[in-house]
Amino acid sequence: MIYKQETTGKTFFPKSTKQIILEIELNGKIRFDILLYTIYNHYNVSYKIVNANIEYLNGSNFGQVKLLLNITQDQIEKIENYLREYKLLSSRIDVLQKKEAS
């Protein structure tokens, strides 16, 4: 049996990703574990914790966290909007890829 081939006009091209370091200032409005859960599960972005200086006071989290993200441009905008909602975004730094000499 021959099935009709569906064409949606969308071809598969992998989205270009880049690495960024996201510096987050925790201000007690959201817990650190909830923040990491949201970034990984809701926005589908894997992360590495580069540096974390967090204090826990009465169930609130304060301090600074730096995360290394491998992320697309669409995901960057969504995560930045999420962090601005809680006033957590401190800065974003694009990671330059080193080229090896041949």
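For the structure, see preceding data.
Anyway, here's the lowdown on the structure attached to this text. (Residues numbered from 1 in each chain as written. Predicted model: local features only at pLDDT ≥ 70, side-chain atom pairs only at ≥ 80, totals over all residues. Heavy atoms only, no water.)

### So, the environment of Leu26
Structurally, the position occupied by Leu26 is in strand E1 (residues 18-27). Taking the C-alpha atoms as reference points, Leu26 and Tyr86, separated by 60 residues in sequence, lie 9.2 Å from one another. Once residues within four sequence positions are removed from consideration, Leu26 is found in contact with Phe32, Leu35, Ile54, Asn61, Phe62, Gly63, Val65 and Leu88. (Helix = DSSP H or I, 4+ residues; strand = E, 2+ residues; numbered from the N terminus. Contact = heavy atoms within 4.5 Å.)

### Focus: unusual backbone geometry
Although it is not a glycine, Asn44 adopts a positive phi angle of roughly 55 degrees. By the element assignment, Asn44 lies in the loop between helix H1 (32-42) and strand E2 (47-57). Positive phi values are uncommon outside glycine, yet Lys87 reaches one of about 55 degrees. With respect to the helices and strands, the residue Lys87 is situated in the loop between helix H2 (73-85) and strand E4 (89-94).

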